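Examining the three-dimensional arrangement
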Amino acid sequence: MPIAQVELDTMQARYKSAVENWIDAIRAEEALASPAEHSEAQIDQWEAAAQKEEAARNEAKAAKAGYESALREEFFDF
């Protein structure tokens, strides 16, 4: 069954948005990787940022998988 173009567009936009969120999370983590001061609080913030980056990565990977699956279904019927 063909997938509506609007559905593919929505999936593509969701994927792009998830990637942008992932990039933002990477930059936030990177900013905490080289603090001016070295403290226990900085380590906690860095670890929290790493967890957010991992969650954003997982979201982007899931959005990509869904979009790729829809494209395969649309173009190759599997």
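This section reports on the structure supplied with the text.

Parameters at a glance
Residues numbered from 1 in each chain as written. Predicted model: local features only at pLDDT ≥ 70, side-chain atom pairs only at ≥ 80, totals over all residues. Heavy atoms only, no water. Helix = DSSP H or I, 4+ residues; strand = E, 2+ residues; numbered from the N terminus. Rg over C-alpha atoms; globule rule 2.2 N^0.38 Å. Contact = heavy atoms within 4.5 Å. Areas by Shrake-Rupley, 256 points an atom, 1.4 Å probe, with all protein chains shown as cover. Buried < 20%, exposed > 50% of the residue type's maximum accessible area, 1.4 Å probe, protein only. Axes fitted to C-alpha atoms, helices over the stretch in contact; angles between N-to-C directions. Parallel < 35°, antiparallel > 145°, perpendicular 65-115°, else oblique. Left-handed = near helix turned anticlockwise from the far one by under 90°. Nonpolar A, V, L, I, M, F, W, Y, C, P; charged D, E, K, R; others polar.

**So, the overall build of the protein chain**
Along the backbone of the protein chain there are 2 helices and 0 strands. Taking 2.2 N^0.38 as the reference for a compact globule, 78 residues should give roughly 12 Å; the C-alpha atoms of the protein chain span a radius of gyration of 17 Å, well beyond that estimate. In terms of overall dimensions, the protein chain has C-alpha extents of about 55 × 20 × 10 Å along its principal axes. Within the protein chain, residue pairs in contact and separated by at least 24 positions form 76% of the contacts whose partners lie at least 6 positions apart. Accessible surface computed for the protein chain: about 5800 Å², of which carbon and sulfur atoms make up 54%.

**Quick word on the environment of Trp46**
Looking at the element boundaries, Trp46 is found in helix 2 (residues 40–76). Classification of Trp46 as partly exposed rests on a relative accessible area of 37%. Not counting residues within four places of it along the chain, the set of residues in contact with Trp46 comprises Glu29, Leu32 and Ala33.

**A look at the packing of helix 1 (residues 5–33) against helix 2**
Between helix 1 and helix 2, the least distance of the axes is 8 Å, while the angle of their chain directions is 160°. Judged by the inter-axis angle, helix 1 sits roughly antiparallel to helix 2. Helix-helix and strand crossings are classified by hand; for helix 1 and helix 2 the assignment is left-handed. Along the lines of polarity and charge, the residues of the contact of helix 1 with helix 2 split into 19 nonpolar, 5 polar and 9 charged.

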